[in-house]
Amino acid sequence: MRDGLDRSISILQGERPAPMSGEGYPQDSADAGSHLSEADRTEAILHSARGQRDEVLAALGRIEANTYGRCVGCGGEIPEGRLDARPDAARCVGCQAKHARRR
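Residues numbered from 1 in each chain as written. Predicted model: local features only at pLDDT ≥ 70, side-chain atom pairs only at ≥ 80, totals over all residues. Heavy atoms only, no water.

## Comments concerning the overall build of the chain
Of regular secondary structure, the chain possesses four helices and zero strands. For the chain, the α and β elements follow one another from N to C terminus as α-α-α-α. For the chain, with 103 residues in total, the buried portion stands at 21%. Put simply, of all contacts in the chain between residues at least 6 apart along the chain, 46% involve residues at least 24 apart. Per element, the accessible surface of the chain, about 7,400 Å² overall, is 49% carbon and sulfur. (Helix = DSSP H or I, 4+ residues; strand = E, 2+ residues; numbered from the N terminus. Buried < 20%, exposed > 50% of the residue type's maximum accessible area, 1.4 Å probe, protein only. Contact = heavy atoms within 4.5 Å. Areas by Shrake-Rupley, 256 points an atom, 1.4 Å probe, with all protein chains shown as cover.)

Rendered as structure tokens:
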């Protein structure tokens, strides 16, 4: 997962729209909106990929610490099905729901 995310991040960083010449904005306002929208979309995807990469790195750290599969919230076991679906899961479903509500 980490290697795949690293590749995706590298590709997305290479696809960032280049700065415009002159004033930094295209002449046509419709082109300006399209340019900003594309840049915003790329930045949002990059942000998400970087966050997911951080979660994968944390999971790899838990593997090294021999705590992988244990909830960081309650210390209980994370069900195998959850880990199959989200190998980077740090919390059981209950603790994840509480964590999400706090955010």
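Continuing now.
## Regarding the pattern of salt bridges
Enumeration over the complete set of coordinates arrives at five salt bridges. Asp-3 is the partner of Arg-2 in a salt bridge, and the nearest nitrogen-oxygen pair spans 3.7 Å. A salt bridge links Glu-43 to Arg-50, with the nearest nitrogen and oxygen atoms 4.0 Å apart. The exposure class of Arg-50 is partly exposed, given its relative accessible area of 30%. A network of salt bridges, in which partner residues are shared, links Glu-55, Arg-86 and Asp-88. (Salt bridge = Lys/Arg side-chain N within 4 Å of Asp/Glu carboxyl O.)

## Concerning the side chain of Asp-88
Considering the arrangement of structural elements, one finds Asp-88 in the loop between helix 3 (80-85) and helix 4 (93-102). Aside from chain neighbours lying at most four places away, what touches Asp-88 is Gln-52, Glu-55, Val-56, Ala-59 and Arg-62.

## So, unusual backbone geometry
Its identity is not glycine, yet Asn-66 carries a phi of approximately 60 degrees, on the positive side. Here Asn-66 shows up in the loop between helix 2 (29-64) and helix 3. Given the relative accessible area of 71%, Asn-66 is considered exposed.

## Topic: the layout of surface pockets
Size it by volume and the largest pocket reaches roughly 260 Å³. As for the largest pocket, its lining consists of Glu-55, Ala-58, Arg-62, Arg-82, Arg-86, Asp-88, Ala-89, Ala-90, Arg-91, Gln-96, His-99 and Arg-103. Listed by contribution, the elements that provide at least two residues to the lining of the largest pocket are helix 2 and helix 4. At three residues, helix 2 tops the list of elements feeding residues into the lining of the largest pocket. Taken together, the residues of the lining of the largest pocket break down into three nonpolar, two polar and seven charged. (1 Å grid on protein atoms, 1.4 Å probe; cavity = no way out; pocket = protein on both sides within 12 Å on 5 of 7 lines; lining within 4 Å. Points joined across faces, edges and corners; volume = space filled by probe spheres on them. Nonpolar A, V, L, I, M, F, W, Y, C, P; charged D, E, K, R; others polar.)

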